[in-house]
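One-letter residues, chain by chain:
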Amino acid sequence: MSRLRISRLTIRGRLTLIYGGLFLLAGIVLLGVTYVLVSQQLPGGNVLITSGPSEEQMVSPPPPGSPATLQTYARQVVRDTRDNALQSLLTQGGIALGIVVVVAGGFGWLVAGRALQPLHRVTETARRIANAPAADRGLHERISLDGPNDEIKDLADTFDMMLERLDNSFDGQRRFIANASHELRTPLTLNRALLEVAVRRKDASPEIRQLGETLLEINARHERLIDGLLVLAKSENELAERSYVDLADIVEHVVAQVPPGPVTVRAEPGEAPTTGNAVLLERLVQNLVDNGVRHNVAEDGWVRVTTSTGPDGSAVLVVSNTGPVVPRYEVPGLFEPFRRLGVDRLAAAPGAGLGLSIVQAVARAHGGTVHAEPRDGGGLVVTVTLPGSNHGA
């Protein structure tokens, strides 16, 4: 039990206990050595403490003319004086030692806090980076610790070096995705134009038309993939400008654009003000609605989209839908790029597999969170929580 309590102490508390314990041990040793040295210097230092006369005999002087009794009385006075001196040494020295140990513990606490202050700076920087809305947010921060070249400064410099390499790696990854997406978009657009011209020619045979339609579908899927990569790369960047946005307006606009089909899409918009990029937030809602429509049941399917303001003033978007049963352990994987339930990376699968990845990236770019859980009876319930706005307050 005592080991458990000690393990819960901070390093500062442990150092204080170590400082105080060492000082107490040194004080006890010093007090013991002083006791031995003083006891040897006092008269009768070699006489052991024995039972002497009673208090009345010690106080009352011996009768006159009795040399033996007078000598015995003198020896007893010497022994009592020596015992009282040693006892006072132990008592007063113990009290003084206790006071000094308490004072030393306080100074030890201050010194330990002073010595660990650079380490607190490293911890605070690491905590800010860890609590960033996305894994690559805050990587531009550096500790830049000043001071002597000790172990703590070496740790801070190593941490800065790691942050720099991670920051460069994430930046390079985003630039590659953006550049590759732009380079691939041009030939895909050209292919689509050529295929449309070939299919619409009057002298085109039915086989050519069927082949052209198939190639157009494949080309459209590749275009959706490229567009998704561009949005994903853009949404992972930190928002430079923010404006007032009401999620209720976005939901009404997106649901109104959904074409009629076997799946019914219902909107229950409530006021949900936030700040951010309206285009990215519209894409977030659009992806959730499209995902709910695409992964649904064949008959009597529905998608419900609601917005509201949370108790803490946050903007809350909830998209629920009917559909196949989703195992709970499969839910985290759905937010990974190119992951689909049961059809991982299949070319014939609908969509590009980036819908929920884009949703999560956009939410993180706005300082929000995304949470999904299986719905009873099949389907998903996806909840997006974004920081609220005090617009109009």
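Notes on the structure in this doc start here.

Cut-offs and rules
- Residues numbered from 1 in each chain as written.
- Predicted model: local features only at pLDDT ≥ 70, side-chain atom pairs only at ≥ 80, totals over all residues.
- Heavy atoms only, no water.
- Helix = DSSP H or I, 4+ residues; strand = E, 2+ residues; numbered from the N terminus.
- Buried < 20%, exposed > 50% of the residue type's maximum accessible area, 1.4 Å probe, protein only.
- Contact = heavy atoms within 4.5 Å.
- Areas by Shrake-Rupley, 256 points an atom, 1.4 Å probe, with all protein chains shown as cover.
- Pairing = 2+ DSSP bridges.
- Axes fitted to C-alpha atoms, helices over the stretch in contact; angles between N-to-C directions.
- Parallel < 35°, antiparallel > 145°, perpendicular 65-115°, else oblique.
- Left-handed = near helix turned anticlockwise from the far one by under 90°.
- Nonpolar A, V, L, I, M, F, W, Y, C, P; charged D, E, K, R; others polar.
- Polar contact = N/O pair within 3.5 Å; in protein donor to acceptor, adjacent residues only side chain to side chain.
- 1 Å grid on protein atoms, 1.4 Å probe; cavity = no way out; pocket = protein on both sides within 12 Å on 5 of 7 lines; lining within 4 Å.
- Points joined across faces, edges and corners; volume = space filled by probe spheres on them.

## Considering the overall build of the protein chain
In step 1: Check the secondary structure of the protein chain and you find 10 helices and 7 strands.
In step 2: Each of the 393 residues in the protein chain was classed as buried or not, and the buried ones make up 34%.
In step 3: Restricting to contacts in the protein chain with at least 6 residues of sequence separation, those with at least 24 account for 69%.
In step 4: Of the roughly 24500 Å² of accessible surface on the protein chain, 59% is carried by carbon and sulfur atoms.

## Some words on the pairing of strand S4 (residues 301-309)
In step 1: Bridge count between strand S2 (residues 263-268) and S4: 6 bridges; the pairing is parallel. Among the inter-strand pairings, Arg 266 is bridged to a residue of S4, identified as Arg 304.
In step 2: The turn joining S4 and strand S5 (residues 315-321), which pair antiparallel and follow one another in sequence, is formed by 5 residues; a positive phi near 90° is taken by Gly 313.

## Points about the sheet that holds S4
In step 1: One open sheet holds the 5 strands; their spatial order is S2-S4-S5-S7-S6, and the pairing between them is mixed. Edge positions in the sheet fall to S2 and strand S6 (369-374), since each of these pairs with one other strand and no more. Between one strand and the next, the sheet's axes are offset by a mean angle of 15°, whatever the strand orientation.
In step 2: Bridge analysis of S4 against S5 gives 7 bridges, and the strand direction is antiparallel. The residue of S5 that forms the bridge with Ser 308 is Val 316.
In step 3: Relative to S5, helix H8 (residues 278-294) is tilted by about 20°, and along the sheet it contacts S2, S4, S5 and strand S7 (380-386).
In step 4: On top of the sheet, helix H10 (residues 355-365) reaches S6 and S7; it is set at about 145° to S6, its chief contact.

## A few points about the packing of H8 against H10
In step 1: For the pair H8 and H10, the least separation of the axes is 9 Å and the interaxial angle reads 150°. Classified by the interaxial angle, the pair formed by H8 and H10 is roughly antiparallel. At the point where H8 passes H10, the crossing takes the left-handed sense. Contacts from Leu 280, Leu 281, Arg 283, Leu 284, Asn 287, Leu 288 and Asn 291 in H8 reach Gly 355, Leu 356, Ile 358, Val 359, Val 362 and Ala 363 in H10.
In step 2: Tallied by class, residues from the contact of H8 with H10 come to 9 nonpolar, 3 polar and 1 charged.

## Thoughts on the side chain of Asn 296
In step 1: The topology assignment puts Asn 296 in the loop between H8 and S4.
In step 2: Note on Asn 296: relative accessible area 15%, which makes it buried.
In step 3: Here Trp 302 takes part through its backbone oxygen, which lies 3.4 Å from a polar atom of the side chain of Asn 296.
In step 4: In terms of polar contacts, Asn 296 uses its side chain to reach the side chain of Thr 322, at 2.5 Å.
In step 5: Among residues more than four places away in sequence, those in contact with Asn 296 are Val 263, Gly 301, Trp 302, Val 303, Asn 321, Thr 322, Gly 323 and Pro 324.

## Considerations on the environment of Thr 275
In step 1: For Thr 275, the position within the fold is in strand S3 (residues 273-276).
In step 2: On a C-alpha basis, the gap between Thr 275 and Leu 386 in space is 8.6 Å, while along the polypeptide they are 111 residues apart.
In step 3: If near-sequence neighbours (up to four positions away) are discounted, Thr 275 is found in contact with Arg 242, Ser 243, Tyr 244, His 366, Pro 387 and Ser 389.

## Thoughts on empty space enclosed by the protein
In step 1: Per the counting criterion, the structure on display carries 1 cavity of 30 Å³ or more.
In step 2: Estimated volume of the largest cavity: approximately 50 Å³.
In step 3: Considering the residues around the largest cavity, the lining is formed by Leu 288, Asn 291, Gly 292, Val 319, Asn 321, Leu 380 and Val 382.
In step 4: Listing elements by their share of the lining of the largest cavity, those giving two or more residues are H8, S5 and S7.
In step 5: For the lining of the largest cavity, the leading source of residues is H8, giving 3 residues.
In step 6: When its residues are assigned to classes, the lining of the largest cavity shows 4 nonpolar, 3 polar and no charged.

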